[in-house]
Amino acid sequence: MASAGGGSLGLLAWLLVLQARLAQAPAGWRTPVSSSPSPSWGGGGEEPAAAQGSPKASGSSASGSSASGPSASGPSLYAFTPVCGNSFLKILGGADAQEGRWPWQVSLRINNRHVCGGSLILAQWVLTAAHCILSRFHYSVKMGDVSVYTRNTSLIIPVENIIVYPEFRTLRTVQNDLALLHLLYPVNFTSNIQPICIPQQTFQVEAGTRCWVTGWGKLKESVESVPSETLQEVEQYIILYKKCNEMIRSYMPSTTELVLEGMICGYNQKGKDACQGDSGGPMVCEYNATWIQVGIVSWGVGCGREGIPGVYTATSPYSKWMVAVVNQATSLYSVVFLILLLCFVQPLGILVMP
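Residues numbered from 1 in each chain as written. Predicted model: local features only at pLDDT ≥ 70, side-chain atom pairs only at ≥ 80, totals over all residues. Heavy atoms only, no water.

(A) Structural view of the side chain of Asn245. The residue Asn245 is located in helix 2 (residues 241-251) in this model. Ignoring sequence-local partners within four residues, the contact set of Asn245 consists of Glu257, Leu258 and Val259. (Helix = DSSP H or I, 4+ residues; strand = E, 2+ residues; numbered from the N terminus. Contact = heavy atoms within 4.5 Å.)

In structure tokens:
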């Protein structure tokens, strides 16, 4: 009898030690930080405008749907799982998105009101921009529908926990602008709900690659403009951060580097851009018939201004952090379950003692 009790106490001690080790989480395990929902000069976390010239058709990393390179199914390309990035519709062009074309797109909401975009990366995880997160609010996400208001095929799921990247900054420029949302429960994948692929840290997208940005943001830069009711899509062509920094600094002279490593830009032409309400949404590129998220809508100068790219948080430099956060959450929940189970089992052992 005593040995059984001692075994339970030993197990409990082991679990507590394990939990303490797991508590040494990757940076970023904290409650939402208080920050402005958009950079003051960025017009509400806009997406990039569109790109000059024609995109390159091929490249060593990723260069659009016709690119050649490592197999999309290879284990070294995706941070989480190769079972991602599947869209059941082909892109035909136009502004309004069709149902099922961007099945990873989500709407981040406060009190059922759209505030930002986001992307489903796993059944219980959403990726968004850190500047979308405000303290003291309860968030939910809506997914599975192109309408930001109605619920035809969509789900609305509460957000259980928010992990903001610990080095997120808005001083001088917006840096490390990403956050992970842990949903209250996992979703079942359908033709309208699918995860997007997150590339590994070594993945690099080539300048000139044709990509797409989606969101429910404003259709015009003007103050009186209202967010779109239907999910919008726009082509963007990749500009690497050094060139992008030169373009933006030529427009707004600054002694500070504004576009830094860990950022990526997109441009197409005047009027082809994202705007307020699109922040946190995905920039995705088709690569070997699989869609990969290369950027998160972060900030920009106005909306769709000629010659001014929009700035995104590049996803690949942060993929290790994302994987560590997800893995740690899974481990912590397992430990909590075991401790709760032990709490139920041990009293039973006491009851049978003489």
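(B) Quick peek at the sheet that holds strand 8 (residues 232-239). Taking strand neighbours around the barrel as the criterion, the six strands line up as 7-8-9-12-11-10 in a closed arrangement whose pairing is antiparallel. Along the sheet, successive strands turn relative to each other by an average axial angle of 45 degrees, direction set aside. Where strand 11 (residues 290-299) and strand 12 (residues 310-314) come together, four bridges link them in antiparallel fashion. Bridging across to strand 12, Val297 finds its partner in Tyr312. Helix 2 contacts strand 8, strand 9 (263-267), strand 11 and strand 12 of the sheet and is inclined by roughly 105 degrees relative to strand 8. (Pairing = 2+ DSSP bridges. Axes fitted to C-alpha atoms, helices over the stretch in contact; angles between N-to-C directions.)

(C) Examining the sheet that holds strand 3 (residues 125-128) more closely. Pairing is antiparallel in the closed barrel, where six strands are placed in the order 1-2-3-6-5-4. Neighbouring strand axes in the sheet, compared pairwise and without regard to direction, differ in orientation by 45 degrees on average.

(D) Broad picture of the pairing of strand 9. Most of strand 9 is tucked away, with five of its five residues classed as buried. Burial along strand 9 is two-sided: Met263, Cys265 and Tyr267 and Ile264 and Gly266, pointing in opposite directions, are all buried. Taken together, the three bridges between strand 8 and strand 9 define a ladder with antiparallel strand orientation. Paired with Ile239 across the bridge in strand 9 is Cys265. Here four bridges tie strand 9 to strand 12, and the two strands are oriented antiparallel to one another. What sits directly across from Cys265, in strand 12, is Val311. (Buried < 20%, exposed > 50% of the residue type's maximum accessible area, 1.4 Å probe, protein only.)

(E) Structural detail: unusual backbone geometry. The residue Arg172 is not glycine, and still its phi comes out positive at about 70 degrees. Examined against the element boundaries, Arg172 turns out to sit in the loop between strand 5 (155-164) and strand 6 (179-183). In this structure, Ala289 is a non-glycine residue whose phi angle is positive, near 65 degrees. Its location among the elements puts Ala289 in the loop between strand 10 (282-287) and strand 11. Its relative accessible area of 57% is what places Ala289 among the exposed residues.

(F) Region of interest: the nonpolar core. Formed by 64 residues in total, the largest nonpolar core has its most connected members in Trp125, Val141, Met143 and Trp299. Counting residues in hydrophobic clusters, the runner-up holds 17 residues, among them Cys84, Phe203, Val205 and Val213. (Core = buried A, V, L, I, M, F, W, Y, C linked by side-chain atoms within 4.5 Å.)

(G) Inspection of the packing of aromatic side chains at higher detail. All told, the structure shown has seven aromatic pairs when counted by the stated rule. Both rings, one in Phe203 and one in Tyr287, keep their centres 5.9 Å apart while their planes meet at 75 degrees; by these two values the pair is edge-to-face. Here Phe203, found in the loop between strand 6 and strand 7 (210-215), pairs with Tyr287, found in strand 10; they are 84 residues apart in sequence, far enough to count as distant. Neither Phe203 nor Tyr287 differs from the other in exposure class; each is buried. Put simply, the rings of Trp102, Trp104, Trp212 and Trp291 touch in pairs and so form one group of aromatic residues. (Phe/Tyr/Trp six-rings, centres within 6.5 Å; stacked < 30°, edge-to-face > 60°.)

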